[in-house]
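Report on the structure
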Amino acid sequence: MSDPLKIAYSPCPNDTFVFHAWAHGKVPGAPALDVTFADIDITNGMAERGEGDILKVSYAVLPWVLEEYALLPCGGALGRGCGPLVLTREPGEAKDLAGRTVAVPSERSTAYLLFRLWAADEVPGGVGEVKVLPFDEIMPAVRDGRVDAGLVIHEARFTYQNYGLSCLADMGEHWERTTGLPIPLGAIIAKRSLGAERLCELAAAARTSVRMAWDDTEASRAYVLEHAQEMDPAVADQHIGLYVNEFTADLGEDGYAAVRGLLTRAAAEGLVPPLGRDALRFG
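What this report covers is the structure whose coordinates are included nearby. (Residues numbered from 1 in each chain as written. Predicted model: local features only at pLDDT ≥ 70, side-chain atom pairs only at ≥ 80, totals over all residues. Heavy atoms only, no water.)

It is worth spelling out helix α1 (residues 13-23) at this point. Most of α1 is tucked away, with 10 of its 11 residues classed as buried. Here α1 has its buried residues at Pro13, Asn14, Asp15, Thr16, Phe17, Val18, Phe19, His20, Ala21 and Trp22. Positive backbone phi, approximately 70°, marks glycine 25, located one or two places after α1. (Buried < 20%, exposed > 50% of the residue type's maximum accessible area, 1.4 Å probe, protein only. Helix = DSSP H or I, 4+ residues; strand = E, 2+ residues; numbered from the N terminus.)

Here is the structure:
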């Protein structure tokens, strides 16, 4: 029997929901997994260093890693109405961020690319200092006045009012309004050195794991809540409902168009290297 494949994904409910069946050996014929839980900023760095066989990363990091890794056509996170938010202590307008300090979860995150594309359109003169913080520290930093605004992701869109914060802008709303495309957030990538046949097996395993999670939503509940960092179960359910959808089962034409659109626009702004013509091709 071959060694388990090393996979890293976040402890967030959407990832644990998607990978529960596979990680627990319930997907028939799928290779065994050795799971590491890590924040997206850490998995992005792992991808850049070539660590791990399968990784959940930001779509924003793809231009740096696609020579070594292939994008799987399933298992990731895209959607509508699920974009990152810019939060402030007081209600305001985009122009109020000119020259201000903004906390972000990673400069290699999709959230950051969406934020930069939004700011280029909406913040005259641009924002000031960008400070990288772990995503769970961003809302307290805004609340306590250590930064002027924060870019938040994940379940924060359901909980920011608990911190007394206001939503200044929704990056996903801006993206959807200007492109008509879904919002590309997190990608599943795997080492190209595994070979085309094994990559196809991994995609099939990820797709089956997603469908098994949908078929029996209670099967993964204990696993999801165990790793959800004391998250309220209702919030965990909202999180899964928002981030696990038809694009998780298959990127499809709209999904690939969204990824190409994001990375092409970001490259035009000098935020990422340009993608090769066939960089996103799978198989």
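And the narrative resumes.
For the structure shown, the criterion picks out 17 salt bridges. Aspartate 34 is paired through a salt bridge with lysine 6; the nearest N and O atoms lie 3.2 Å apart. Note that aspartate 34 is positioned in strand β2 (residues 33-37) and lysine 6 in strand β1 (residues 5-9), a separation of 28 residues in sequence. Look at aspartate 34 and you get partly exposed, because its relative accessible area is 33%. (Salt bridge = Lys/Arg side-chain N within 4 Å of Asp/Glu carboxyl O.)

We now examine the nonpolar core. Tyr59, Leu62, Val86, Leu97, Phe115 and Trp118 are the most contacted members of the largest nonpolar core, which totals 58 residues. The element contributing the most residues to this core is helix α4 (residues 110-122), with eight residues. Formed by 31 residues, the second largest nonpolar core is a distinct cluster that contains Val18, Leu72, Ala213 and Ala236. (Core = buried A, V, L, I, M, F, W, Y, C linked by side-chain atoms within 4.5 Å.)

To continue, consider the sheet that holds strand β8 (residues 130-132). The mixed open sheet is built from five strands, whose spatial order is β8-β7-β9-β6-β10. The open sheet terminates on both sides in strands that have one partner only, identified here as β8 and β10 (166-170). Strand-to-strand twist of the sheet, defined as the mean angle between neighbouring strand axes without regard to direction, takes the value 30°. Of the strand pairs in this sheet, strand β6 (residues 85-88) and strand β9 (residues 149-152) are connected by three bridges, and their pairing is antiparallel. Within β9, the position partnered with valine 86 by the bridge is leucine 151. Across the sheet, α4 is in contact with β6, β7 (102-104), β8, β9 and β10; its angle to β9 comes to roughly 130°. (Pairing = 2+ DSSP bridges. Axes fitted to C-alpha atoms, helices over the stretch in contact; angles between N-to-C directions. Contact = heavy atoms within 4.5 Å.)

Our focus in this paragraph is the packing of aromatic side chains. A full pass over the atoms with the stated rule returns six aromatic pairs. Consider the rings of phenylalanine 19 and tryptophan 22, whose centres lie 6.2 Å apart with planes at 35°: the pair is tilted. Of this pair, phenylalanine 19 and tryptophan 22 both sit in helix α1, three residues apart, which is roughly one turn of the helix. We classify tryptophan 22 as buried; its relative accessible area is 3%. Seen in terms of ring centroids, tyrosine 112 and phenylalanine 115 are 6.5 Å apart; in terms of plane orientation they differ by 35°. Their pairing is tilted. (Phe/Tyr/Trp six-rings, centres within 6.5 Å; stacked < 30°, edge-to-face > 60°.)

Counting buried residues in strand β3 (residues 54-58) gives five out of five residues, a clear majority hidden from the surface. As paired strands, β1 and β3 are joined by two bridges and run parallel to one another. Each residue of the ladder has a partner; that of alanine 8, found in β3, is leucine 55. Bridge analysis of β3 against strand β11 (residues 183-191) gives five bridges, and the strand direction is antiparallel. Paired with serine 58 across the bridge in β11 is glycine 186.

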